[in-house]
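Understanding the architecture of this molecule
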Amino acid sequence: MTQPLLDVSGVTLRYKTPGVLVTATERVSFQVNTSDRFVLLGPSGCGKSTLLKAVGGYLTPSEGAITIKGRKVTEPGADRMMVFQEFDQLLPWRTVLENVMFPLQVARRLGRKEAETKARHYIDKVGLTRAVNSYPHTLSGGMKQRVAIARGMAMEPDILLMDEPFAALDALTRRTCQDELLQLWEETKFTVLFVTHSIAEAIKIGNRILLLSPHPGRVKAEVVDVDKVSPTDGTAGQLEKKIHELLFADEAAHAE
Ligand SMILES: Nc1ncnc2c1ncn2[C@@H]1O[C@H](COP(=O)(O)OP(=O)(O)OP(=O)(O)O)[C@@H](O)[C@H]1O
């Protein structure tokens, strides 16, 4: 069997808070293959962001292990770039071009010219050619998220980690950004691990979806071959209903 790109194996993550140890995820396992659009889906508080941060190397599991291409994740690295929900993830004193160039120069240690060429290429890809010299405060939320995506993709990481990147956008911009992300994926087939609490977004973005229980960290099920559902013939609606039932079955039973 070929090695997965990302292997999350029996991972438990806890937060130490004064007087309490909060368990955010417990013994969660999943594997992501190259070119997957793998979605972590579950309600607020089930541990999605915590898992993503651990894959990013920002948190250390108290049990289990995370490996990328067989290498154990112990700290953040340029092989895993993150895109967050918040609009303030860009450096406000740098232009769009400089924001995208910055990690290329600092983390990849590319020379100015090479970094600029690469940055411009990805800025073009997200449709922001005309905004290269703009500062973040002059951009809309959707434009800022596109810059963050360009910055992540320009690093050509092994995996792009996206934490509800479109959740703070209005419905129309959100849909446009989702479409653009899928278009970019068609062009480059990058691997993405995408966190969302929206079932519809998970079905639209993912080819595989891991359903996390409302009880932190418990895996409910994995849905594969999401690509095979069609947005127009009703199968997407059926899958959405099924996922909803899977996620909330126990809660409904208890509520009765
Ligand atoms: N810094 C922290 N300190 C203490 N507990 C935390 C911290 N961050 C998260 N938690 C707790 O860990 C659990 C999982 O949180 P996490 O943010 O990973 O969930 P989530 O599924 O991403 O939720 P959301 O969609 O609301 O971001 C929750 O119980 C949360 O309260």
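Residues numbered from 1 in each chain as written. Predicted model: local features only at pLDDT ≥ 70, side-chain atom pairs only at ≥ 80, totals over all residues. Heavy atoms only, no water.

The line we're drawing: UniProt positions are given in the numbering used here, feature names are shortened, and annotations may be inferred rather than shown by experiment.
The chain is annotated in an unreviewed UniProt entry as ABC transporter from Alsobacter soli. Regarding the chain, the UniProt comment filed under Sequence similarities (unreviewed entry) reads as follows: "Belongs to the ABC transporter superfamily."

What about the environment of Ile68?
Our working rule: Labels follow the DSSP assignment, with helices taken as runs of H or I lasting at least four residues and strands as runs of E lasting at least two, numbered in each case from the N terminus. A 1.4 Å probe rolled over the protein chains alone gives each residue an accessible area, and that area as a share of the maximum for its type sets the label: buried under 20%, exposed over 50%, partly exposed in between. When checking whether two residues touch, look at their non-hydrogen atoms; a contact exists if any pair is within 4.5 Å.
With respect to the helices, strands and loops of the structure, Ile68 is situated in strand β4 (residues 63-68). The exposure class assigned to Ile68 is buried, which follows from its relative accessible area of 1%. C-alpha of Ile68 to C-alpha of Leu5: the two residues are 63 residues apart in sequence and 5.6 Å apart in space. Beyond its immediate stretch of four places on either side in the chain, Ile68 contacts Leu5, Leu6, Val73, Asp79, Arg80, Asp158 and Ile159.

A word on the site of the ligand
The condition is simple: Neighbouring residues are identified by heavy atoms, a residue being near a molecule or strand if any of them is within 4 Å of it. Using the Shrake-Rupley algorithm and a 1.4 Å probe, accessible areas are obtained, with residue cover drawn only from the displayed protein chains. Each residue is assigned to one class: nonpolar for Ala, Val, Leu, Ile, Met, Phe, Trp, Tyr, Cys and Pro, charged for Asp, Glu, Lys and Arg, and polar for all the others, Gly among them.
Close to the ligand lie 13 residues; Ser44, Gly45, Lys48, Ser49 and Thr50 are nearest. Here the ligand loses 62% of its free accessible area of 630 Å² to cover by the protein chains. Of all elements in the fold, only β1 (6-17), β2 (20-32) and α1 (48-56) reach the threshold of two or more residues within the shell around the ligand. Per-element tally for the shell around the ligand: the top contributor is α1, with three residues. Per-class residue counts for the shell around the ligand are five nonpolar, six polar and two charged.

Notes on the packing of aromatic side chains
Convention followed: Any Phe, Tyr or Trp ring, taking Trp's six-membered ring, that has another such ring centre within 6.5 Å forms a pair; planes under 30 degrees apart are called stacked, those over 60 apart edge-to-face, and the others tilted. Only when the NZ of Lys or the CZ of Arg is both within 6 Å of the ring centre and within 35 degrees of the ring normal is a charge said to sit over the ring.
This structure, assessed with the given rule, holds two aromatic pairs. Ring plane angle 20° and centroid distance 5.2 Å describe the contact between Phe30 and Phe38, whose orientation is recorded as stacked. Like Phe30, the residue Phe38 is buried in the burial classification. Here the guanidinium or amino end of Arg37 rests over the ring plane of Trp185, the centre of that ring lying 4.3 Å away. Looking at Lys189, its charged tip hangs above the ring of Trp185, at a distance of 4.9 Å from the centre.

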